Amino acid sequence: MRKLITRFCADESGATAIEYGLIAAGIAVAIIAAVQGVGGNLSTLFGTDIAGAL
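Since this is a predicted model, take the numbers as computed values, not measurements.

A. Local environment of the overall build of the chain. Looking only at helices and strands, the chain has two helices and zero strands in total. For a compact globule of 54 residues, the expected C-alpha radius of gyration is about 10 Å, and the chain comes in at 24 Å, more than 25% above that figure. With the C-alpha coordinates of the chain rotated into their principal frame, the extents come out at 75 × 10 × 10 Å. Expressed as a percentage of the 54 residues in the chain, the buried residues total 0%.

Here's what the structure looks like:
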């Protein structure tokens, strides 16, 4: 039983999965922020310039 607990405490395979999850979450937040910024600019562009040209 002691070896099982020692081996369980030394196992770091779950930590790697958590790290990858945090990296993916950070990238997702960055993509969402960029899309919202570009979306606002495109909305203004289509609303003023293109609507005025039509």
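B. Layout of the environment of Gly 52. Structurally, the position occupied by Gly 52 is in helix H2 (residues 13-53). In this structure Gly 52 comes out as exposed when scored by relative accessible area, which is 60%. When the C-alpha positions of Gly 52 and Tyr 20 are compared, they lie 47 Å apart, and in sequence the two are 32 residues distant.

Conventions used here
Residues numbered from 1 in each chain as written. Predicted model: local features only at pLDDT ≥ 70, side-chain atom pairs only at ≥ 80, totals over all residues. Heavy atoms only, no water. Helix = DSSP H or I, 4+ residues; strand = E, 2+ residues; numbered from the N terminus. Rg over C-alpha atoms; globule rule 2.2 N^0.38 Å. Buried < 20%, exposed > 50% of the residue type's maximum accessible area, 1.4 Å probe, protein only.

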